[in-house]
Amino acid sequence: LSVGVIALPYASAEEQTGETDLEKNEEDADVSDSYVGPETLDFDCKSAVLMEAETGRILYAKNPDEALPPASVTKVMTLLLVMEAVDSGKIKLDDMVTASEHAASMGGSQIYLKVGEQMSVEDMIKSVVISSANDAACALAEFVSGSEESFVKAMNARAKELGMENTNFENTNGLDDTAQNHVISAKDIAIMSRELIKHPKILEYSSIWMDTIRDGAFGLTNTNRLVRFYKGCTGLKTGSTSKAGFCISATAERDGMSLICVIMGAPTRDVRNAAATSLLDWGFANYGKFSYAGGEFENIKVIGGVSDSIKAKHDMFSCILEKDGLSKVQFNIELPENISAPVKSGDVIGKVVFTLDGKEIGKVDIYAAENVDKISFLGLWYRMIAGALR
């Protein structure tokens, strides 16, 4: 094997209300999922999780698996199913949704839909993302699945598919006055948030501070104040009820690293926002993204092929590390001295292994970038004759 060991330098990639009036009244790598971070880091809330979005790695957790009322953070799953319906072609952003009597009856934070009123899917989504509209969430659910009940079944099924082990949905919006067991854990919120932000349109909506619907007649103000006041914040969803307290799933990106911060059961909106701000600050201060660009290898020797050599490639590699380790990463390029024909484009012929302090932190395959057929007896004979005549 041909092996190279090189130390790599760090390479960076470059509130109106919740669903009740509660917020209105507030004046102004090898880290396991059970990792809790520094003992000195704690927040005034029932649970908290900080997850790196690209890998799903949990950087900090406080009571991450306890199932708790999530308030309007529920709508992360509602939005996920709606966006998946859009992407699959089941519905379109310019489809018109007709508000049912059930949807129009939703209380708390709303856009005051009237029975029979029609609004585009896109404006409904914006109303849910930006202003946490319970009536719009219900109307979208009915439009996608025919009824809120059917949609909730789909929410719970999707949660199981995503490995959300401490979740049970009873409605689409998080209203919990009559809910019996509408709960989710902080870790599960991070999981579904990570899935939702794979849809870029959501981050486009959730980063909006103010907008309008109904041809400018009705204003929307983002319930997530971090969008306006926290550097790099891209969304995502707030929530509050008397039962749930103040909750948030907040997303932010700096230097190519995207974090998801979940706070549940904070006593006030300001405490919740301060906790999210502090936890995000801690994450960005202590972790960074290591990136290694994809590459190409020339003239890998081929035995018994119609060509004597082949090109090979490897994809880029990235991972999240504590910042003091970013400049210490090493890599080993492992390639055989030669390979035997036939070779197909995409065949794995080697690997690049990345290590930190002697411990493997990841690897990428090296694969053939072109085909090389096995040489026939006649082809070999012609080659020998041609060589003899030179």
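Cut-offs and rules
Within any chain, residue numbers begin from 1 and follow the written order of that chain's sequence. Given that the model is predicted, a residue must reach a pLDDT of at least 70 before its local features are reported, and side-chain atom pairs must reach 80 or more before they are shown or counted; all residues, however, enter totals for whole chains, interfaces and linings. Side-chain numbers come from the whole structure's heavy atoms, not from hydrogens or water. Here, a salt bridge means any side-chain nitrogen of Lys or Arg that lies within 4 Å of a carboxyl oxygen of Asp or Glu. Secondary structure counts use DSSP, requiring at least four H or I residues in a row for a helix and at least two E residues in a row for a strand, with both numbered from the N terminus. Exposure is judged per residue with a 1.4 Å probe applied to protein chains only, and the accessible area is read against the type maximum: over 50% gives exposed, under 20% gives buried, and values in between give partly exposed. A 3.5 Å cut-off defines polar contacts: any pair of N or O atoms within that distance qualifies, except that in protein one atom must be a possible hydrogen donor and the other a possible acceptor, and neighbouring residues in sequence count only when both atoms are side-chain atoms. Each pair of strands is called paired provided DSSP finds at least two bridges between the two strands.

Peer 1: So what's going on with the pattern of salt bridges? Residues and values would help.
Peer 2: Counted by the stated rule, this structure contains 14 salt bridges. For Glu 117, the salt bridge is made with Arg 214, and the minimal N-O distance between the two is 2.7 Å. Taken together, the residues span a long stretch of sequence, with Glu 117 in the loop between helix H2 (101-104) and strand S5 (118-120) and Arg 214 in the loop between strand S6 (210-213) and strand S7 (218-221) at a distance of 97 residues. Assessed through its relative accessible area of 25%, Arg 214 is described here as partly exposed. Asp 211 serves as the salt-bridge partner of Lys 126, at 3.0 Å between the closest nitrogen and oxygen. Taken together, the residues Lys 126 in helix H3 (residues 121-131) and Asp 211 in strand S6 connect sequence positions 85 residues apart. Where salt bridges share partners, they join Glu 84, Arg 158, Glu 161, Glu 195 and Lys 198 into one cluster.

Peer 1: Mind laying out the side chain of Ser 318, listing which residues take part and the relevant values?
Peer 2: Following the sequence through the fold, Ser 318 ends up in strand S14 (residues 317-322). Residue class for Ser 318 comes out buried when judged on its relative accessible area of 16%. Engagement of the side chain of Ser 318 in a polar contact is seen with the side chain of Glu 54, the distance being 2.8 Å.

Peer 1: Lay out the pairing of strand S12 (residues 295-303) with the relevant residues and their values.
Peer 2: Across five bridges, the pairing between S12 and strand S13 (residues 309-314) is antiparallel. From the neighbouring strand, Lys 301 faces S13, where its bridge partner is Ser 309. Turn length for the S12-S13 hairpin, with the two strands adjacent in sequence and antiparallel, is five residues, and the turn residue Gly 304 shows positive phi of about 75 degrees. Two elements, S12 and strand S16 (residues 338-340), share three bridges in a ladder whose sense is parallel. Its bridge partner lying in S16, Lys 301 is registered against Asn 338.

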